[in-house]
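# Secondary and tertiary structure notes
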Amino acid sequence: MSDFMDIRLFIEVYVTLFVIMDPPGTVPIFLGLTGSMTAKQRAGAARTAIFVAAGVILAFAAFGQQLLTYMHISIPALQASGGLLLLLIAMQLLTGKMEEAAESPANKNVNVALVPLGTPLLAGPGAIVASMLFVQRASDATDWLALALGFLAICITLWASMRFAGVIHKLLGESGTILVTRIAGLLLAAIAVQLIADAVIAFVRGAMAT
């Protein structure tokens, strides 16, 4: 264990957020949401999505518990709401509505890097709750440094996965991208249902404990 930084905590933060935020899994969803964009616009969307996700997660990590307590919102409620949002996005990906919405004149100025990419796809309930729990565990400077570097590392990984999604787009072509988008929608729907199911289980356990 280093005196400069808690290496084990750094690895735990990175691995946990990697599994939750799933950089490889964001590539097909990112391609589906940015299919009508140019390579330059796609790169800008990747950068913006990372800044938005980082800002949301850091804000909740610092003030999330106080905010939820003040508004009488439980973590399962936050998880269920995130699951419902992801389910809506998954349905749009599966039916092609996301592409139609992106190409609609009324939505030309809508930045998908903010919603749904930045949040709730990247900065979703799982990442927010995990970050809040890691912050509660931090006790000294080595812990805080491990948290900061672990979070920075996952942000760089996410940015790289989206930044070079254009290369994958060229390899797949239009038909391949549509196929991958539909598969991503199916997987995203499964993730959303799992989030909702976990929230329901947590609600039931909480009710039985009282």
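Remember, it's a predicted structure, so these values are computed and weren't measured experimentally.

## Comments concerning the overall build of the protein
Tallying secondary structure elements over the protein gives nine helices and zero strands in all. Seen in sequence order, the protein has helices and strands lined up from the N terminus as α-α-α-α-α-α-α-α-α. Against the 2.2 N^0.38 benchmark of 17 Å for 210 residues, the protein shows a C-alpha radius of gyration of 18 Å, consistent with a compact globule. Each principal axis of the C-alpha distribution contributes one length, and for the protein these read about 50 × 45 × 25 Å. Counting every position in the protein, which comprises 210 residues, the buried fraction comes to 42%. Looking at the protein alone, contacts between residues at least 24 apart form 87% of all its contacts between residues at least 6 apart. As displayed, the protein has an accessible area near 11,400 Å², and 71% of this comes from carbon and sulfur atoms. Charged side chains in the protein number 11 positive and 11 negative. The centres of these two groups are separated by 10 Å.

## Re the packing of helix α3 (residues 39-70) against helix α8 (residues 141-163)
Their axes nearest at 9 Å, the elements α3 and α8 cross at an angle of 155°. Accordingly, the angle class assigned to the pair α3 and α8 is roughly antiparallel. Relative to α8, the crossing made by α3 is right-handed. Only Phe151, Cys155, Leu158, Trp159, Met162 and Arg163 of α8 make contact with α3, whose side of the interface consists of Ala43, Ala46, Arg47, Ala49, Ile50, Ala54, Ile57 and Leu58. Looking at side-chain class alone, the contact of α3 with α8 contains twelve nonpolar, no polar and two charged residues.

## Concerning the packing of helix α1 (residues 7-21) against helix α7 (residues 125-137)
Relative to each other, α1 and α7 sit at 165°, their axes nearing to 9 Å. By the angle between their axes, α1 is roughly antiparallel relative to α7. Of the two possible hands of crossing, α1 and α7 adopt the one that is right-handed. Between α1, through Leu9, Glu12, Val13, Thr16, Leu17, Ile20 and Met21, and α7, the contact on the second element is made entirely by Gly126, Ala127, Ala130, Ser131, Phe134 and Arg137.

## Some words on helix α6 (residues 113-122)
For α6, the buried fraction is high: seven of the ten residues fall into the buried class. Along α6, the positions that sit buried rather than exposed are Ala113, Pro116, Leu117, Gly118, Pro120, Leu121 and Leu122.

## Considerations on the pattern of salt bridges
Inspection of the entire model under this criterion finds one salt bridge. Put simply, Arg137 and Glu12 hold a salt bridge, and the shortest N to O gap is 2.8 Å. On the criterion of sequence distance, the pair formed by Arg137 in helix α7 and Glu12 in helix α1 is long-range, its members being 125 residues apart.

## Some remarks on the confidence of the model for the protein
Mean pLDDT over the protein stands at 82; residues scoring 70 or higher make up 90%. Mean pLDDT values over the elements of the protein span from 54, in helix α5 (residues 97-103), up to 94, in α8. Here residues 104-109 scores under 50 on pLDDT; set against residues more than four positions off or in separate chains, the count is four contacts.

## Some details on the environment of Ile50
Residue placement: Ile50 occurs in helix α3. Under the relative-accessibility criterion, Ile50 is labelled buried at 11%. Ile50 sits 64 residues away from Leu114 along the chain, and the two C-alpha atoms are 9.2 Å apart. Setting aside residues no more than four positions away along its own chain, Ile50 makes contact with Leu122, Cys155, Leu158, Trp159 and Met162.

## Remarks on the nonpolar core
Leu17, Met21, Leu122 and Leu188 are the most contacted members of the largest nonpolar core, which has 50 residues in total. Going through the elements one at a time, α1, α2 (23-33), α3, α4 (75-95), α6, α7, α8 and α9 (165-209) are the ones with two or more residues in this core. In this view, Leu122 contacts Met21, Thr26, Ala49, Ile50, Ala53, Ile57, Leu117, Ala127, Leu158 and Met162; residues no more than four positions away in its chain are not counted.

So, how was this worked out
- Residues numbered from 1 in each chain as written.
- Predicted model: local features only at pLDDT ≥ 70, side-chain atom pairs only at ≥ 80, totals over all residues.
- Heavy atoms only, no water.
- Helix = DSSP H or I, 4+ residues; strand = E, 2+ residues; numbered from the N terminus.
- Rg over C-alpha atoms; globule rule 2.2 N^0.38 Å.
- Buried < 20%, exposed > 50% of the residue type's maximum accessible area, 1.4 Å probe, protein only.
- Contact = heavy atoms within 4.5 Å.
- Areas by Shrake-Rupley, 256 points an atom, 1.4 Å probe, with all protein chains shown as cover.
- Lys, Arg positive; Asp, Glu negative; His and termini not counted.
- Charge placed at Lys NZ, Arg CZ, Asp CG, Glu CD.
- Axes fitted to C-alpha atoms, helices over the stretch in contact; angles between N-to-C directions.
- Parallel < 35°, antiparallel > 145°, perpendicular 65-115°, else oblique.
- Left-handed = near helix turned anticlockwise from the far one by under 90°.
- Nonpolar A, V, L, I, M, F, W, Y, C, P; charged D, E, K, R; others polar.
- Salt bridge = Lys/Arg side-chain N within 4 Å of Asp/Glu carboxyl O.
- pLDDT = per-residue confidence, 0-100.
- Core = buried A, V, L, I, M, F, W, Y, C linked by side-chain atoms within 4.5 Å.

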